[in-house]
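Chain and residue survey
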Amino acid sequence: MINRVILVGRLTRDVEVRKTTSGLSVATFTVACNRRQSANTQDRQADFISCVAWRQTADFLASYAKKGNLVGIEGRIQTRNYDGADGKKVYVTEVVCDSVQLLTPRSSDNNSYTPSYTQAPVENNYEPSESFDDFTSGVSLDISSDDLPF
C-alpha cells in the first residue's frame, strides 16, 4: 500500500505551534492549493488542506514560516476521530508532514530571515563509517583517454 502526498501551496495563516505534555512540538497549519482550471470556467478554485508537523519540523515552521509563504510538503494522509463537545463524533483528515520546504524568496523588507529554499530538519540516524572524500585524499586515478566516453 502507498500513502504519499506531495503538495505545493500557500499558508493560509501563521503556523500554530503547541507543546505536548511530554514536551514534543506540534505545528498545525492549512495550505491552500490551486486546482487546475477547466477551459470553460474562469473562477479559480483552491483546496484548503489541514497539515500537522512534529518535532524539529514544527520548530522550524514556527521560526520561519509566515502567512502567505509558498511551501512544499511531503507526507502522508492520516484520519482520526474524536467525540466533540456536543457529543457528536468528529472526523478529521490531515496530512502528517515528513518534510516541509519554504519556497518563498527571501524578503528584504523586514529583518527576519526567510530562506529561499530551506528544508526542515529530517530525523535520521545515518552516520558514514568512513570518509568518502576521494578528491582531497591525494589518491590519483589511472585512467587513459581511451577509457573516457567523450
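Residues numbered from 1 in each chain as written. Predicted model: local features only at pLDDT ≥ 70, side-chain atom pairs only at ≥ 80, totals over all residues. Heavy atoms only, no water.

Attention shifts here to the confidence of the model for the protein chain. Mean pLDDT over the protein chain: 80, with 69% of residues reaching 70 or higher. Strand E7 (residues 118-119) is the least confidently modelled element of the protein chain, averaging 53 in pLDDT, while strand E1 (residues 5-11) averages 95, the highest of any element. Low pLDDT, under 50, characterises residues 108-117; the stretch is placed with 20 contacts to residues that sit more than four places away or in other chains. Every residue in residues 124-129 is under pLDDT 50, and counting partners more than four places away or in other chains gives one contact. (pLDDT = per-residue confidence, 0-100. Helix = DSSP H or I, 4+ residues; strand = E, 2+ residues; numbered from the N terminus. Contact = heavy atoms within 4.5 Å.)

Turning to the packing of aromatic side chains, a few remarks are in order. Counted according to the given criterion, the structure contains one aromatic pair. Plain terms: the ring middles of Phe60 and Tyr64 are 5.4 Å apart, the flat faces sit at 55° to each other, and that makes the pair tilted. Here the residue Phe60 and the residue Tyr64 both occupy positions in helix H1 (residues 55-64), the gap between them amounting to four residues, near one helical turn. On the basis of relative accessibility, which here comes to 9%, the residue Phe60 falls in the buried class. (Phe/Tyr/Trp six-rings, centres within 6.5 Å; stacked < 30°, edge-to-face > 60°. Buried < 20%, exposed > 50% of the residue type's maximum accessible area, 1.4 Å probe, protein only.)

Another point: unusual backbone geometry. With phi around 55°, Arg55 is a residue other than glycine that occupies positive phi space. Position of Arg55 relative to the elements: it lies in helix H1. The class for Arg55 is partly exposed, based on a relative accessible area of 39%.

All right, on to H1 then. Taken residue by residue, H1 has Thr57, Ala58, Phe60 and Leu61 as its buried positions. The buried side chains of H1 occupy one side of the element, clustering within an arc of 160° when seen end-on. (Arc of directions from axis to C-beta.)

Attention now moves to the pairing of strand E2 (residues 16-19). Examined bridge by bridge, E2 and strand E3 (residues 25-34) share four bridges and lie antiparallel to one another. Within E3, the residue paired with Glu16 across the bridge is Thr28. Connecting the antiparallel pair E2 and E3 is a turn made up of five residues, with Gly23 showing a positive phi of about 95°. (Pairing = 2+ DSSP bridges.)

Another aspect to go through is the pairing of strand E4 (residues 46-54). Alignment of E3 against E4, held across nine bridges, turns out to be antiparallel. Note on E4: the bridge partner recorded for Val31 is Ile49. Direction of pairing for E4 relative to strand E6 (residues 89-102): parallel, over a ladder of two bridges. By the bridge assignment, Cys51 is partnered in E6 with Val95.

Looking now at the state of the cysteines. Taken as a whole and judged by the stated rule, the model has zero disulfides. Distance from the sulfur of Cys51, which forms no disulfide, to the nearest cysteine sulfur (Cys97) is 4.6 Å. (Disulfide = S-S within 2.5 Å.)

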